[in-house]
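Single-letter residue listing:
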Protein chains: 2
Amino acid sequence: MEARDLFEEIRPLFGILRSFSTRAQNMRLGQIGRLRVISTPPLGYSLGVRALRSFHAARPDVSVSYDVRRLENVVDTVQTGLADIGLVLNEEKLETVNSELLTRSQMVVLMPTNDPLAAETSITPKMLAGRSVIGIDQASQLGRLVSRGFVQGGGSYRPSIEVRYCQTAAALVAEGMGVTVVDPYSAEPYLCRGLVTRPFSPACEVRALILTRKGVPHSGLLLNFVEELRRQLPIGTPKPHHPPGY
Amino acid sequence: MEARDLFEEIRPLFGILRSFSTRAQNMRLGQIGRLRVISTPPLGYSLGVRALRSFHAARPDVSVSYDVRRLENVVDTVQTGLADIGLVLNEEKLETVNSELLTRSQMVVLMPTNDPLAAETSITPKMLAGRSVIGIDQASQLGRLVSRGFVQGGGSYRPSIEVRYCQTAAALVAEGMGVTVVDPYSAEPYLCRGLVTRPFSPACEVRALILTRKGVPHSGLLLNFVEELRRQLPIGTPKPHHPPGY
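As the structure is a prediction and not an experimental result, all values here were calculated from the model.

In this structure, what is going on with the relation of the copies chain B and chain A? I would like to understand it.
Each of the two chain copies can be brought onto the other by rotation about an axis and movement along it. For the pair chain B and chain A, the best superposition has an RMSD of 0.1 Å and corresponds to a rotation of 180° with a translation of 0.0 Å parallel to the axis. In symmetry terms, the pair is related by a two-fold rotation axis. Identified as the residue of chain B closest to the rotation axis by C-alpha distance is Arg193 of chain B, at 4.0 Å. With an isologous cut-off of 70% or more, the 98% of interface residues of chain B that recur at the interface of chain A puts this contact in the isologous class.

Teacher, can you tell me more about the domain arrangement of chain A here?
In many reports, interface size means the accessible area that the parts give up when they come together. All names here are of chain A. Domain boundaries assigned for chain A yield domain 1 (31-104 + 207-246) and domain 2 (108-203). Summarising the inter-unit geometry, the C-alpha centres of domain 1 and domain 2 are found 25 Å apart. Tallying the contact residues gives 20 residues for domain 1 and 14 residues for domain 2. In total, domain 1 and domain 2 occlude about 1400 Å² of area from one another, counting both sides; carbon and sulfur atoms represent 61% of this. The interface formed by domain 1 and domain 2 contains two salt bridges. With a shortest N-O distance of 3.3 Å, Glu92 and Arg144 are connected by a salt bridge. Here domain 1 is connected to domain 2 by three residue pairs in polar contact (both at pLDDT 80 or more). Of all the secondary-structure elements, those providing two or more residues to the side of domain 1 that touches domain 2 are helix 2 (41-44) and helix 3 (47-58). Ranked by residues supplied to the side of domain 1 that touches domain 2, first place goes to helix 2 with three residues. Among the residues forming the side of domain 1 that touches domain 2, the class breakdown is 10 nonpolar, five polar and five charged.

How do you make sense of the side chain of Asp67 of chain A when you look at a structure like this?
Within the element layout of this structure, Asp67 of chain A appears in strand 2 (residues 62-68). Judged by relative accessible area, Asp67 of chain A falls into the buried class, the value being 9%. Polar contacts involving the side chain of Asp67 of chain A include one to the main-chain amide nitrogen of Arg164 of chain B, which spans 2.8 Å. With residues up to four places along the chain from it excluded, the contact list for Asp67 of chain A reads Val37, Ile38 and Ser39 of chain A together with Val163 and Arg164 of chain B.

Would you mind going over the UniProt feature "domain: LysR substrate-binding" (unreviewed entry) in chain A with me for this structure?
In the numbering adopted here, UniProt assigns the feature "domain: LysR substrate-binding" (unreviewed entry) to residues 32-233 of chain A. Span residues 32-233 of chain A is 31% helix and 28% strand, its end C-alpha atoms 25 Å apart.

Whenever I open this one, the packing of aromatic side chains confuses me. Can you help?
Centre-to-centre distance and the angle between the planes together describe a pair of aromatic rings. All names here are of chain A. As enumerated under the stated definition, the model contains six aromatic pairs over all chains in all. Relative to Phe225, the ring of Phe55 has its centre 5.8 Å away and its plane inclined at 85°; by these criteria the two rings are edge-to-face. With Phe55 in helix 3 and Phe225 in helix 8 (residues 220-232), this pair connects stretches of sequence that are 170 residues apart. Three or more aromatic residues joined by ring pairs form one cluster here, namely Phe150, Tyr157 and Phe200.

Looking at this model, I keep getting lost on helix 3 (residues 47-58) of chain B. Mind explaining?
The α-helix advances 3.6 residues per turn, and as a result positions three or four apart in sequence lie on the same side. Spanning 12 residues, helix 3 of chain B covers 17 Å between terminal C-alpha atoms, matching the ideal 16 Å at 1.5 Å per step. Buried residues of helix 3 of chain B: Leu47, Gly48, Val49, Arg50, Ala51, Leu52, Phe55 and His56 of chain B, and no others.

What am I meant to see in the packing of helix 3 of chain A against helix 8 of chain A here?
Two measures define how a pair of helices packs: the angle their axes make with one another and the distance between the axes. Residues and elements named next belong to chain A. Running from amino to carboxyl end, helix 3 crosses helix 8 at an angle of 120°, the nearest separation of the two axes being 8 Å. Judged on the interaxial angle alone, helix 8 and helix 3 are oblique. The two elements helix 3 and helix 8 meet at a crossing, and its hand is right-handed. For the pair formed by helix 3 and helix 8, the contact residues are Leu47, Gly48, Arg50, Ala51, Leu52, Ser54 and Phe55 on the first element and Leu221, Asn224, Phe225, Glu228, Leu229 and Gln232 on the second. Taken together, the residues of the contact of helix 3 with helix 8 break down into seven nonpolar, four polar and two charged.

Please explain the sheet that holds strand 10 (residues 205-212) of chain A as it appears in this structure.
In sheet architecture, strand pairing relies on hydrogen bonds along the backbone and comes in two forms, parallel and antiparallel. With mixed pairing, 10 strands are arranged side by side in an open sheet as 4(A)-10(A)-3(A)-1(A)-2(A)-7(B)-6(B)-8(B)-5(B)-9(B). In this open sheet, the two strands that pair with only one neighbour each are strand 4 (98-106) of chain A together with strand 9 (195-199) of chain B. On average, each strand axis in the sheet is inclined to that of its neighbour by 25°, with strand direction left out of account. Sheet strands touched by helix 6 (residues 166-174) of chain B: strand 2 of chain A together with strand 5 (108-112), strand 6 (133-136), strand 7 (161-163), strand 8 (179-182) and strand 9 of chain B. Its angle to strand 8 of chain B, the strand with the most contacts, is close to 155°.

What should I look at first to understand helix 4 (residues 71-79) of chain B in this one?
Inspection of helix 4 of chain B places Asn73, Val74, Val75, Thr77 and Val78 of chain B among the buried residues, and these make up the whole buried set. In this fold, the buried residues of helix 4 of chain B make contact with strand 1 (33-39), strand 3 (85-89) and strand 10 (205-212) of chain B.

Is there a simple way to explain unusual backbone geometry in this structure?
Most of the time, phi is negative for any residue but glycine, and the peptide bond is trans. In this model, Ser201 of chain A is joined to Pro202 of chain A through a cis peptide bond whose omega is 10°. You can see Pro202 of chain A is positioned in the loop between strand 9 (195-199) and strand 10.

Even after reading the chapter, I still don't get the side chain of Asp137 of chain A, so can you show me in this structure?
Looking at the element boundaries, Asp137 of chain A is found in the loop between strand 6 (133-136) and helix 5 (141-152). Note on Asp137 of chain A: relative accessible area 17%, which makes it buried.

Would you mind showing me how to read the pairing of strand 6 of chain B here?
Residues and elements named next belong to chain B. Of the two faces of strand 6, the one carrying Val133 and Gly135 and the one carrying Ile134 and Ile136 are both buried. Across two bridges, the pairing between strand 6 and strand 8 is parallel. Considered in strand 8, the bridge of Val133 is made with Val179. As defined by bridge partners, strand 6 adjoins strand 7 across three bridges and the pair is classed as parallel.

Just to check I follow, could you spell out the interface of chain B and chain A for this structure?
Between chain B and chain A, the residue contacts involve 40 residues of the former and 39 residues of the latter. When chain B packs against chain A, close to 3500 Å² is buried across both sides, 52% of that on carbon and sulfur atoms. Applying the counting rule to chain B against chain A returns two salt bridges. The interface formed by chain B and chain A includes 15 residue pairs in polar contact (both at pLDDT 80 or more).

About the criteria used
Within each chain, residues carry numbers counting from 1 in the order of the written sequence. Chains and ligands are labelled sequentially in the order written, the chains with letters from A and the ligands with numbers from 1. The predicted origin of the model limits local features to residues at a pLDDT of at least 70 and limits the giving and counting of side-chain atom pairs to 80 or more, whereas totals for whole chains, interfaces and linings rest on all residues. Each side-chain value is worked out from all heavy atoms of the structure, with water and hydrogens disregarded. The atoms used to superpose the copies are C-alpha atoms, taken from residues with pLDDT of at least 70 in both, and the fit is least squares. Two residues form a contact once any of their heavy atoms are found within 4.5 Å. Domain start and stop points were drawn from an automatic or database domain assignment. Two parts placed together each lose some accessible area under a 1.4 Å probe, and adding up what both lose gives the buried area. Salt bridge, as used here: a side-chain nitrogen of Lys or Arg that lies within 4 Å of a carboxyl oxygen of Asp or Glu. Whenever two N or O atoms come within 3.5 Å, that pair is a polar contact, provided that in protein one can donate a hydrogen and the other can accept it, and provided that, for residues adjacent in sequence, both atoms are side-chain atoms. Strands are runs of DSSP state E lasting at least 2 residues, helices are runs of H or I lasting at least 4, and numbering of each runs from the N terminus. Residues are grouped as follows: nonpolar covers Ala, Val, Leu, Ile, Met, Phe, Trp, Tyr, Cys and Pro; charged covers Asp, Glu, Lys and Arg; every other residue, Gly included, is treated as polar. A 1.4 Å probe rolled over the protein chains alone gives each residue an accessible area, and that area as a share of the maximum for its type sets the label: buried under 20%, exposed over 50%, partly exposed in between. UniProt positions are given in the numbering used here, feature names are shortened, and annotations may be inferred rather than shown by experiment. The aromatic pairing rule takes the rings of Phe, Tyr and Trp, using the six-membered ring of Trp, and pairs them if the centres are within 6.5 Å, calling planes under 30 degrees apart stacked, those over 60 edge-to-face and the rest tilted. Expected span of a helix: the number of residues minus one, times 1.5 Å. Lines fitted to C-alpha atoms define the axes here, with helix axes fitted over just the stretch in contact, and angles between the N-to-C directions of these axes take values from 0 to 180 degrees. Roughly parallel here means an angle under 35 degrees, roughly antiparallel means over 145, roughly perpendicular means 65 to 115, and every remaining angle is called oblique. Two helices crossing with the near one rotated counterclockwise from the far one by less than a right angle form a left-handed crossing, whereas a clockwise rotation gives a right-handed crossing. A pair of strands is considered paired only if DSSP assigns at least 2 bridges between the two.

Set out below in structure tokens:
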């Protein structure tokens, strides 16, 4: 009887230990915990959000913070450890964070589905002469890339409307204001909204990178998210955006 | 003969004067020149882009720069005169720029068209209990507004996914990841993509403002653009986004 009394005394401990070990195992399996993602708009509104969707569906108890910001903020936030992973399109060398290549792709021309140029397999600057082209600010990396592409292709790049970000250019094309040359990720959310892309020629490569903090081991959740990113990677041009419930 | 010779001598002057006066008249009418617009995402991807579309269609020779940035950048850019007009949602007092009320509206719940809550005329925090709610970072103005609304409505606000901007929240809802409470402008681009909005209750008011530089008279082009903004203002909830070519 004394033994049983004593056992009753410590019985709650077993419950606590069971709960602890389940929690530890869940954390090891990446079922609970916290993931903080930060991305620039191109990947943040395409690949990143698709990866987050599968990630979250499989791990509803993981608390997630998901920010879309510009390049400087993404790099700073990853460097200071306020985010676990950063997603960017970038050609320049980053010194303050680890960067890993996710995939390479090429700039595309984004236009209405019923545009005569949609019949072409690729589009040169000369084909765009006389068209209303939404231009990307040449203070930005992608803007310089497009501008160099026009020069190499023997065209002149004099957009009547200039914007800072590819996402803004895509929104203006969706509003029927012209065509634009952007990265395929910025174009992706518009592919179900009456717009279509064709490769821009000469080919201008863009690299999608994963940024992580230097000197910090990757958590299980981070590795799961990267796995989802790779699984959602489109072959070539991104597939059209799926409507909810698809 | 001498008079005719002399006339021939000055004839080119008449052409120059004609061209000058046409150009001056065009500038007065706002047909040529330059307009620089900067906006935060909610208005920049809804009302602003619709106003820009009509503005540009009527004045194809006006060179336009159109940037979508966050609040601090918009205020700074207008203050320093690098943009002619700023568009923001804001409740706080701005000291460094002129601000003029464009319109008032209310926060809405954004959800898939087939969501059972779409049958309601307004949605309270209690109706959202147990749902996957995409939350807005409470470091932001709109995030605080939503959080206060949940408290007033007797609900608890514990989003499993948190984002910084309303636009990101809307993109996650479009991907089928839950529902969110956002301003009606951030919701607008998604209304043609299988999502619908209903008023959030208790009512949380958002004010759309026009910012201009202090001490600088408004140019003709600026006034034309403001006129387009007012013309494109929706009555109550914004109308669905029109596909290109509409």
